[in-house]
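The residues making up each chain are set out below.
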Amino acid sequence: MRAGKAQNRRAYVYLKSGEAYLFGAHINALNSASTHVDTDPTRTRKLLLTGASSIHMVGAVERRGYTIVPLELYWKAGRAKLEIGLAKGKKQHDKRANEKDRDWQRDKGRIMKAARR
């Protein structure tokens, strides 16, 4: 993480027995950190949450169908911090609208390319 080789693009946070775990984040170890231990960069990592925030997150995930996603990974006072947020998945009609917009952008590009010729 210190070398700037951390990615949380496909990562998510899941809750198991009241504890939060970061799954799918890719965090490479420093080359100079250890010469004899080879760590897995995509291993699951346990997150430390305050009591109030963990109760709030558990309620939102289990009862309302939200997902916990990592937003930002940064250093603060020598400790690695992970900013997380609650996200709700798209409804089917939202997905259709996005697909329609994507198709239009593709068709528009084709039309503009044909008009230049």
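Above this text sits the structure in question.
Presented here is a report on the structure given in the accompanying data block. (Residues numbered from 1 in each chain as written. Predicted model: local features only at pLDDT ≥ 70, side-chain atom pairs only at ≥ 80, totals over all residues. Heavy atoms only, no water.)

Quick word on the pairing of strand E3 (residues 19-23)
In terms of strand pairing, strand E2 (residues 12-16) meets E3 through five bridges, oriented antiparallel. Bridge assignment links lysine 16 to a residue of E3, and that residue is glutamate 19. Hairpin geometry of E2 and E3 is characterised by an intervening segment of two residues between the two adjacent antiparallel strands and by a positive phi of about 50° at serine 17. As defined by bridge partners, E3 adjoins strand E5 (residues 45-47) across three bridges and the pair is classed as antiparallel. (Pairing = 2+ DSSP bridges. Helix = DSSP H or I, 4+ residues; strand = E, 2+ residues; numbered from the N terminus.)

What about the packing of aromatic side chains?
Evaluated as defined, the whole model comprises two aromatic pairs. Between tyrosine 14 and tyrosine 21, the aromatic rings sit 5.7 Å apart at their centres with planes inclined by 25°, giving stacked as the arrangement. Judged by relative accessible area, tyrosine 14 falls into the partly exposed class, the value being 29%. On the basis of an interplanar angle of 70° and a centroid distance of 6.1 Å, the ring pair of tyrosine 14 and phenylalanine 23 is categorised as edge-to-face. By relative accessible area, phenylalanine 23 is classed as partly exposed at 36%. Ring pairs connect the aromatic residues Tyr14, Tyr21 and Phe23, which therefore count as one cluster. For the cation-ring pair, lysine 88 lies above tyrosine 66, with the distance from its terminal atom to the ring centre recorded as 4.9 Å. (Phe/Tyr/Trp six-rings, centres within 6.5 Å; stacked < 30°, edge-to-face > 60°. Buried < 20%, exposed > 50% of the residue type's maximum accessible area, 1.4 Å probe, protein only. Lys NZ or Arg CZ within 6 Å of the ring centre and 35° of its normal.)

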